[in-house]
Amino acid sequence: MLIASLLALALAQELGPEVGTTIPEVDRFAAVMGDDGATIVFVRSVDWCPFCKAQVVSLDEAADEFEREGRPLVFVSYDSQATQAAFAEAEELESVFIADEGSEMIEAFGLLNEQYAPGSRVYGVPHPAIFIVDEDGTIDAKLYEDDYTTNRASYRNRPATEIVLKAVEAAD
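Parameters at a glance
Residues numbered from 1 in each chain as written. Predicted model: local features only at pLDDT ≥ 70, side-chain atom pairs only at ≥ 80, totals over all residues. Heavy atoms only, no water. Phe/Tyr/Trp six-rings, centres within 6.5 Å; stacked < 30°, edge-to-face > 60°. Helix = DSSP H or I, 4+ residues; strand = E, 2+ residues; numbered from the N terminus. Buried < 20%, exposed > 50% of the residue type's maximum accessible area, 1.4 Å probe, protein only. Lys NZ or Arg CZ within 6 Å of the ring centre and 35° of its normal. Salt bridge = Lys/Arg side-chain N within 4 Å of Asp/Glu carboxyl O. Core = buried A, V, L, I, M, F, W, Y, C linked by side-chain atoms within 4.5 Å. Contact = heavy atoms within 4.5 Å. Pairing = 2+ DSSP bridges.

Engineer: Looking at this structure, I do not really get the packing of aromatic side chains. What am I missing?
Structural biologist: Two numbers describe a pair of aromatic rings. These are the distance of the centres and the angle of the planes. One pass over the full model with this rule turns up five aromatic pairs. For the pair Phe 29 and Phe 109, a centre-to-centre distance of 6.2 Å together with 75 degrees between the ring planes defines the contact as edge-to-face. Of the two residues, Phe 29 is situated in the loop between helix H1 (2-12) and strand E1 (38-42) and Phe 109 in the loop between helix H5 (104-108) and strand E4 (129-133); the sequence distance between them amounts to 80 residues. Judged on exposure class, the residue Phe 29 and its partner Phe 109 are both buried. A cation over a ring is seen here: Arg 121 above Trp 48, with NZ or CZ 5.2 Å from the ring centre.

Engineer: How should I be thinking about the pattern of salt bridges in this particular structure?
Structural biologist: Pairs can form between side chains of opposite charge whenever their charged atoms are close. All told, the structure shown has three salt bridges when counted by the stated rule. In this structure, Glu 14 and Lys 142 form a salt bridge, with 2.9 Å as the shortest nitrogen-oxygen distance. Highlighted residues: Glu 14 in the loop between H1 and E1 and Lys 142 in strand E5 (residues 139-143), separated in sequence by 128 residues. Residue Glu 14 is classed as partly exposed on the basis of its relative accessible area of 32%.

Engineer: What is the right way to read the nonpolar core from this model?
Structural biologist: The tendency in soluble globular proteins is for nonpolar side chains to be buried as a group. Core analysis: the biggest nonpolar cluster contains 25 residues, and Val 56, Phe 66 and Phe 97 have the highest contact counts within it. For this core, the elements supplying multiple residues, two or more each, are helix H2 (50-61), helix H3 (63-68), strand E2 (73-77), helix H4 (81-91), E4, E5 and helix H6 (161-171). In terms of residue count, H6 provides more of this core than any other element does, five residues in total. Setting aside residues no more than four positions away along its own chain, Phe 97 makes contact with Val 46, Val 56, Phe 75, Gln 84, Phe 87 and Ala 88. With 24 residues, the next largest nonpolar core counts Ile 23, Ile 40, Ile 106 and Ile 139 among its residues.

Engineer: Help me understand the pairing of E1, please; the structure alone is not making it clear to me.
Structural biologist: Here is the key point about a regular strand: its side chains alternate between the two faces of the sheet. Within E1, five of the five residues are buried, which leaves the element mostly enclosed by the surrounding structure. Where E1 meets E4, five bridges bridge the pair, whose relative direction is antiparallel. Considered in E4, the bridge of Ile 40 is made with Phe 131. For E1 and E2, the ladder comprises four bridges, and the chain directions are parallel. Residue pairing in the sheet places Ile 40 in a bridge with Val 74 of E2.

This is how it looks when you write it as structure tokens:
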């Protein structure tokens, strides 16, 4: 009984859609897919989150490698297009950004961070997660902090660019 309870808890902590399933809103990503798919990175904000900003800049520095793998970077946040564009210009980034201002996509992916109340300045942010998808939108791999439900600071922990690239390479 204890083992079954622990297993249920572990399964309940999985974040977002499962590997092997098709991503929600697959049509919204069609125009940004590479030959083999995409590397979709959900970040909290490129306006105020220093961990998100650092992750985006670090990953974008390897954008050519993601392109060579046929899975270009696509960053999704609840920020406005104007906020994303200003950040991309200031940092001289070339990756694609998708503005999910109403957090509909974030909710569809099951990533909405519910520790913030509606009306809060940060309501609508996702739990950070990366989905490596094939050209049809099937999830080949995903990366996120396993303890996101119990560790209020888990959003600070982001996989290094090398780890994300290895996951992309392994997905081929």
